[in-house]
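# A closer look at the structure
These are the residues of each chain, in order.
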Amino acid sequence: MTELHLIISRPTPGDWHGRLDVGEALEAAGWTTDPTSGALRHPSGAVWVVVNDADDSGLDCPNGTVVEFPGSTPTVVIVAACLAATHTP
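Everything quoted here is computed from the prediction, not taken from an experiment. (Residues numbered from 1 in each chain as written. Predicted model: local features only at pLDDT ≥ 70, side-chain atom pairs only at ≥ 80, totals over all residues. Heavy atoms only, no water.)

As a further point, take the nonpolar core. With 14 residues, the main nonpolar core has Val 22, Leu 26, Trp 31, Trp 48, Leu 59, Ile 78 and Cys 82 as its most contacted residues. Where this core is concerned, the elements lending two or more residues are α1 (20-28) and α2 (75-85). No other element matches the four residues that α2 contributes to this core. The residues touching Val 22, leaving out its near neighbours within four places in the chain, are Trp 48, Thr 75, Ile 78 and Val 79. (Core = buried A, V, L, I, M, F, W, Y, C linked by side-chain atoms within 4.5 Å. Buried < 20%, exposed > 50% of the residue type's maximum accessible area, 1.4 Å probe, protein only. Helix = DSSP H or I, 4+ residues; strand = E, 2+ residues; numbered from the N terminus. Contact = heavy atoms within 4.5 Å.)

Following this line, the structure appears as structure tokens:
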């Protein structure tokens, strides 16, 4: 298995990047952006998407579970959940 090392820098105060931090981390892990919806998809069937301007987002897992993240959820929590959703037991 390939190791994934992420360095997530905090934005400068006053900068707004949406959940670009999560998107970049997931793309580095092999997720691809759906050009139509902007959602990020993994070959396993997992899908993550930002749902509003408040940075709330959601994760649809391959097993049918849906996880909702408030905009205040730390990047590392969302990325960890997305990565965990791509692995089957």
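On we go.
Okay, the pairing of strand β4 (residues 57-60) next. Both strand β3 (residues 47-50) and β4 contribute to a ladder of four bridges, which runs antiparallel. Of the residues in β4, the one forming a bridge with Val 49 is Gly 58. Turn length for the β3-β4 hairpin, with the two strands adjacent in sequence and antiparallel, is six residues, and the turn residue Asp 55 shows positive phi of about 70°. Of the strand pairs in this sheet, β4 and strand β5 (residues 66-69) are connected by four bridges, and their pairing is antiparallel. Of the residues in β5, the one forming a bridge with Gly 58 is Glu 68. What sits between the antiparallel neighbours β4 and β5 is a turn of five residues, in which Gly 64 has the positive phi angle 95°. (Pairing = 2+ DSSP bridges.)

This next bit is on the environment of Val 67. In this structure, Val 67 sits in strand β5. Measuring from C-alpha to C-alpha, the distance between Val 67 and Ser 57 comes to 8.6 Å, with 10 residues separating the pair along the chain. What Val 67 contacts, discounting residues up to four positions off in sequence, is Ser 57, Gly 58, Leu 59 and Cys 61.

A few words now on the pattern of salt bridges. Counted according to the given criterion, the structure contains two salt bridges. With a closest N to O distance of 3.5 Å, Asp 21 and Arg 19 form a salt bridge. Between Arg 41 and Asp 34 there is a salt bridge whose closest N-O contact spans 3.2 Å. The exposure class of Arg 41 is partly exposed, given its relative accessible area of 37%. Judged by relative accessible area, Asp 34 falls into the buried class, the value being 18%. (Salt bridge = Lys/Arg side-chain N within 4 Å of Asp/Glu carboxyl O.)

Purely geometric numbers; function is a separate question.
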